[in-house]
Each structure stands twice: as structure tokens, then as C-alpha cells.
Amino acid sequence: MPRFEGDLRPHPVGRYAIVASRWNPRITDALVDGAKKALLDNGVEETRIDVVRVPGAWEIPLAAAAIARHRRGEPGGTVALVALGCVVRGDTRHYEQVADGCAEALMQVQQAYQLPVANGVLAVETYADAEARAGGAMGNKGEEAALAALEMSDLLQHWPTSTA
């Protein structure tokens, strides 16, 4: 039985986009740093990493769709996106609307453009939970999302030749 999976190998000329919220900057800056480090540590040149900042998590999918639409398929175009943000539960339903809406929209971007979109948008109960996932006791979810994007871009790059 054939087995297919990607490697942590950068695309030879493709770009990687990190789309990150500015909301909760202490958390999101740590997530961006983790994502950039993961890409650099796995051979992606810094000049092929684009960091796009948006106001909040709600705006991440729109920026991701714009990048996917304008860069996909171009030589040296974007081969994967990493979405990073932090939504902390508050006293209203706004938390659920933003977190769920962002996740659903990111999945739609991924499907519509057949481009890996790694969801590293934290949806947490407390700010302490976010700190634990942005370089604390639970690791750095920005790093994990970047590794997933790297692996998926490699899988998709080799898929046509892998199944022949």
C-alpha cells in the first residue's frame, strides 16, 4: 500500500506567508517569532518569508484569501500560509464568533485555492493559556503551524509525481 506524506523541506522557489493579528501583541509577536524560526531552521530563506499584519483575528482570512488569489501559481508565488492570532474568551459571545468564524474562513481559503493554510490562531480561555502556547509550557503554536505549512506545501508539490 503506498504511503504519502510531506517532508520538512522548503519549496525551491516558493514563498511562505505569515498572516498575523496585531491584537494581543505580546502573544502574537511570540507566535510570529516561533513561525519564522521554524521556517528558517528548515531551510527557508528569510527573503522568501512574508509577514503580513492585520488588526485582529477576524481580518486574517481576508488577507489570506488576497495572498492566495494574487500569488498562487506564479513562479516564486506563495506555496503556504501560516495564520496566527489570539482570541481570549471574554464576557460575551464575541469570542466564539471571532474564533469560529476565523477558523471556518481559513478552511474555505485553503479549499478554494488548494493552498495549505495552517491555523495557528489561538482560541483560549485565559491570557495565561495563550502565554503557555506562545513559547511557554505548551510550546509555540506558531512554530507548530509553520511546520505543518512546510510539510503540506512539500506534499502538494510532490503529489502529482508521487501518485504516478
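Coordinates for the structure precede this section.
Not measured: the values here are computed from a predicted model.

1. Some words on helix α1 (residues 25-41)
- With 17 residues, α1 extends 23 Å from end C-alpha to end C-alpha; this agrees with the ideal 24 Å at 1.5 Å per step.
- Of all the residues in α1, the buried ones are I27, T28, L31, V32, G34, A35, A38 and L39. The buried residues of α1 occupy an angular sector of 160° when projected down its axis, which confines them to one face. Along α1, exposed side chains directed more than 90 degrees from the buried face belong to R26, D33 and D41.
- Looking at the residues trailing α1, positive phi occurs at G43, about 95°.

2. Notes on the environment of N42
- Tracing the backbone through its elements, the reader meets N42 in the loop between α1 and β2 (49-54).
- Spatially, the C-alpha atom of N42 lies 29 Å from that of P55, the residues being 13 residues apart in sequence.
- Apart from residues lying up to four places away in sequence, N42 is in contact with L8, P10, L147 and L150.
- Of note is the side chain of N42, whose polar atom sits 2.8 Å from the backbone oxygen of A38.

3. A few points about the pairing of strand β4 (residues 117-124)
- Taking burial as the measure, the eight residues of β4 include six buried ones, the bulk of the element.
- Bridge count between strand β3 (residues 78-88) and β4: eight bridges; the pairing is parallel. Within β4, the residue paired with G85 across the bridge is V121.
- Crossover connection from β3 via helix α3 (residues 94-113) to parallel β4: handedness right-handed.

4. Observations regarding the sheet that holds β4
- Read from one edge to the other, the open sheet built from four strands follows the order β2-β1-β3-β4, with strand pairing classed as parallel. The two strands at the open ends of the sheet, each matched to only one other strand, are β2 and β4. Averaged over neighbouring strand pairs, the angle between their axes works out to 15° when direction is ignored.
- By the bridge criterion, six bridges tie strand β1 (residues 15-21) to β2 in an arrangement that is parallel. Considered in β2, the bridge of A17 is made with D50.

5. A look at the nonpolar core
- In terms of nonpolar packing, the biggest core is built from 25 residues, with Y16, I18, I27, L39, V82 and L84 touching the most fellow members.
- When residues of this core are traced back to their parent elements, those giving at least two are β1, α1, β3, β4 and α5 (141-162).
- Considering every element that reaches this core, the biggest residue donor is α1, with six residues.
- Every residue in contact with Y16, bar those within four places of it in the chain, is listed here: R9, P10, H11, L39, V44, R48, I49, D50, V79, A80, L150 and S153.
- Core analysis: the next-biggest nonpolar cluster, separate from the first, contains 23 residues, A68, L81, A99 and V121 among them.

Reading the values: the criteria
- Residues numbered from 1 in each chain as written.
- Predicted model: local features only at pLDDT ≥ 70, side-chain atom pairs only at ≥ 80, totals over all residues.
- Heavy atoms only, no water.
- Helix = DSSP H or I, 4+ residues; strand = E, 2+ residues; numbered from the N terminus.
- Expected span 1.5 Å × (residues − 1).
- Buried < 20%, exposed > 50% of the residue type's maximum accessible area, 1.4 Å probe, protein only.
- Arc of directions from axis to C-beta.
- Contact = heavy atoms within 4.5 Å.
- Polar contact = N/O pair within 3.5 Å; in protein donor to acceptor, adjacent residues only side chain to side chain.
- Pairing = 2+ DSSP bridges.
- Right-handed = clockwise from strand over helix to strand, strands pointing away.
- Axes fitted to C-alpha atoms, helices over the stretch in contact; angles between N-to-C directions.
- Core = buried A, V, L, I, M, F, W, Y, C linked by side-chain atoms within 4.5 Å.

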